[in-house]
There are 2 protein chains.
Amino acid sequence: MEQPSEFQSLLEESSRSAWQLYVPHISVDCVVFGFHEASLKVLLLKMKDQELWGLPGGYMKIEEELREAAVRILEERTGAHNIFLQQFGVFSDLNRSEGFFQDFPDTLWMKQRFISVGFYALVDYTKVQPQADNLSSTCAWQDINRLPELMMDHRQIFDEALLTLRRQLNYKPIGYNLLPEEFTMPELQKLYELILGKKLNRGNFYRKMVGYDILEKLDEPRKSGGAYKAPNLYKFHVERYQTALQNGFKEGW
Amino acid sequence: MEQPSEFQSLLEESSRSAWQLYVPHISVDCVVFGFHEASLKVLLLKMKDQELWGLPGGYMKIEEELREAAVRILEERTGAHNIFLQQFGVFSDLNRSEGFFQDFPDTLWMKQRFISVGFYALVDYTKVQPQADNLSSTCAWQDINRLPELMMDHRQIFDEALLTLRRQLNYKPIGYNLLPEEFTMPELQKLYELILGKKLNRGNFYRKMVGYDILEKLDEPRKSGGAYKAPNLYKFHVERYQTALQNGFKEGW
DNA sequence: ACAAAAGTGTTTGTAGTACACCCATGG
DNA sequence: CCATGGGTGTACTACAAACACTTTTGT
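Residues numbered from 1 in each chain as written. Chains lettered and ligands numbered in written order. Predicted model: local features only at pLDDT ≥ 70, side-chain atom pairs only at ≥ 80, totals over all residues. Heavy atoms only, no water.

For chain A, an unreviewed UniProt entry supplies the name NUDIX hydrolase and the organism Rufibacter latericius.

Caption draft 1: Local environment of the packing of aromatic side chains. Residue and element names in this part refer to chain A. Within this structure, the stated rule accounts for 42 aromatic pairs over all chains. Measuring from ring centre to ring centre gives 6.3 Å for Phe-84 and Tyr-120, while their planes differ by 50 degrees; the resulting arrangement is tilted. Taken together, the positions of Phe-84 in strand S5 (residues 84-91) and Tyr-120 in strand S6 (residues 115-122) put the pair 36 residues apart, joining distant regions of the chain. Residue class for Tyr-120 comes out buried when judged on its relative accessible area of 0%. Through successive ring pairs, a cluster of aromatic residues spans Phe-33, Phe-84, Phe-88, Phe-91, Tyr-120 and Phe-158. (Phe/Tyr/Trp six-rings, centres within 6.5 Å; stacked < 30°, edge-to-face > 60°. Helix = DSSP H or I, 4+ residues; strand = E, 2+ residues; numbered from the N terminus. Buried < 20%, exposed > 50% of the residue type's maximum accessible area, 1.4 Å probe, protein only.)

Caption draft 2: Representation of the relation of the copies chain B and chain A within the structure. Turning chain B through 180 degrees and shifting it by 0.0 Å along the axis lays it on chain A, with an RMSD of 0.1 Å. Those values place the two copies in the arrangement expected of a two-fold rotation axis. (Least-squares fit on C-alpha atoms with pLDDT ≥ 70 in both.)

Caption draft 3: Region of the structure containing the protein's contact with DNA strand C. Around DNA strand C, the surrounding shell holds 22 residues, and the nearest of these are Arg202(A), Tyr206(A), Arg207(A), Lys217(A) and Asn232(A). Within the side chain of Arg207(A), a nitrogen or oxygen atom sits 2.7 Å from a base oxygen of DNA strand C. Contact distances for DNA strand C include 3.1 Å between a sugar or linking oxygen and a backbone N or O atom of Tyr228(B). (Near = heavy atom within 4 Å. Polar contact = N/O pair within 3.5 Å; in protein donor to acceptor, adjacent residues only side chain to side chain.)

Caption draft 4: Just the side chain of Ser14(A), in detail. Structurally, the position occupied by Ser14(A) is in helix H1 (residues 6-21). Not counting chain neighbours up to four residues away, the residues in contact with Ser14(A) comprise Met110(A), Asn134(A) and Leu135(A). (Contact = heavy atoms within 4.5 Å.)

Caption draft 5: A look at the interface of chain B and chain A. Contacts between the two partners involve 33 residues from chain B and, on the opposite side, 33 residues from chain A. Counting the surface lost from both chain B and chain A, the interface buries some 2,600 Å², and carbon and sulfur atoms represent 62% of this. Connecting chain B to chain A are zero salt bridges. One can count seven residue pairs in polar contact (both at pLDDT 80 or more) joining chain B with chain A. Ranked by residue count, the leading element in the side of chain B that touches chain A is strand S1 (residues 22-36) of chain B, at four residues. Class assignment for the residues of the side of chain B that touches chain A results in 16 nonpolar, six polar and 11 charged. (Buried area = accessible area lost by both parts, 1.4 Å probe. Salt bridge = Lys/Arg side-chain N within 4 Å of Asp/Glu carboxyl O. Nonpolar A, V, L, I, M, F, W, Y, C, P; charged D, E, K, R; others polar.)

Printed below as a string of structure tokens:
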């Protein structure tokens, strides 16, 4: 008999309390988007003793609702509060975790069949302190265009999240949640371009954003240590932002 | 001690086999839309011994995926095959079934906490034979504008389904699944108006539909037993329909 | 001078909305 | 003739897309 790996010992330890704490068969996976240095990032965990990365996830406590579980998981992983969360799909393939757990004992909590509910989250990169959990060695931001290989069906979950984010760009408070309090117009445009995966015309974008009447221009431009003209700073006018979102920026028919 | 009601006996009977057959804590609820006599209908079940109605639903078998479970449930309730199914949300409130089952014994399968995944379905009214299940006395179509009181959170589930249907009207094969093989332009327009809850301009609707290039006009008009001019019959050109849907009829940005 | 940012103008094309007109046809 | 259905014309509006010009500002 081989020695169980350290990873397996950890799984077994978490497993013991899990049976009491959580509702079986149901899990939550979160796709956390952040925006930094002109690129769109996702928060990933590198599993201990494994080359694979995974999405932050967890289980639903007996007395919890799904969304509460997602909030709790995200607060543990990011330290941030008031995170924008949106459910986007359920993943129930029979064999979705088969490959990953096949070498581990059947009594593990994690080896049950799980139906996973996907949430995507939008966070202010500057407010997040990525924290690994007890099964992972690292928690880090990764560029969405250069993702490492992901465990189980997490790649599919990520793709679905990004697709949903794209579709909801016109209707949901997306800039508001991904940008710091104060930001510049080029930053906002870059963010939109990254989400949509294509260039947008600057002049048109400017007019459109100003036209929505949800931005407040601040008096002072960014005190740039860099070169060239300092860009104007903006912040969202929260109240008008909320009401604009009620109607949606636009809809069909 | 009171006698257990007939309804309770039935619950207890179903309960016994359920523990072996199904994955606990996970259920499926279906909002089945049909179109008939110029109104939009939903398939509902009237619970035995109860005044309340409920959505057709069920549980996921051990070796089943969620969608397969929904398909099975719908085939049992409607007799129809190849039903268009779309997942639209997860309902996980802690107390979502509390009120309904409070007078029944705690050992009942149904009294567990369930996380319910909502699917909406679009069916050809003429192909459906509503079938009650063993807990319900009636399975019947109800006008969406005159729904009876629904059990648990089924009203909320229905509302969410209708909202999703409305939003997806431009992107998904909605007319195709709700109408019989052959239909007239006024019928198609009426369907759209019912889903959207508002009148549409006839001329514009006609041009738009013809412009999508997914309809085939048939040689013969409807041999109307009624009065006035016989309307033209159309059917969907399945192939062009599918490709048009790939792209979506329209998108933002 | 240069490069980035800001603001505005113009043109073209497409799509939705509203209204109106004419024809066809079955009773 | 009338009510319904079919098909088209047209004008107004909104918006997107592409492009261009100007001005401001920090190094």
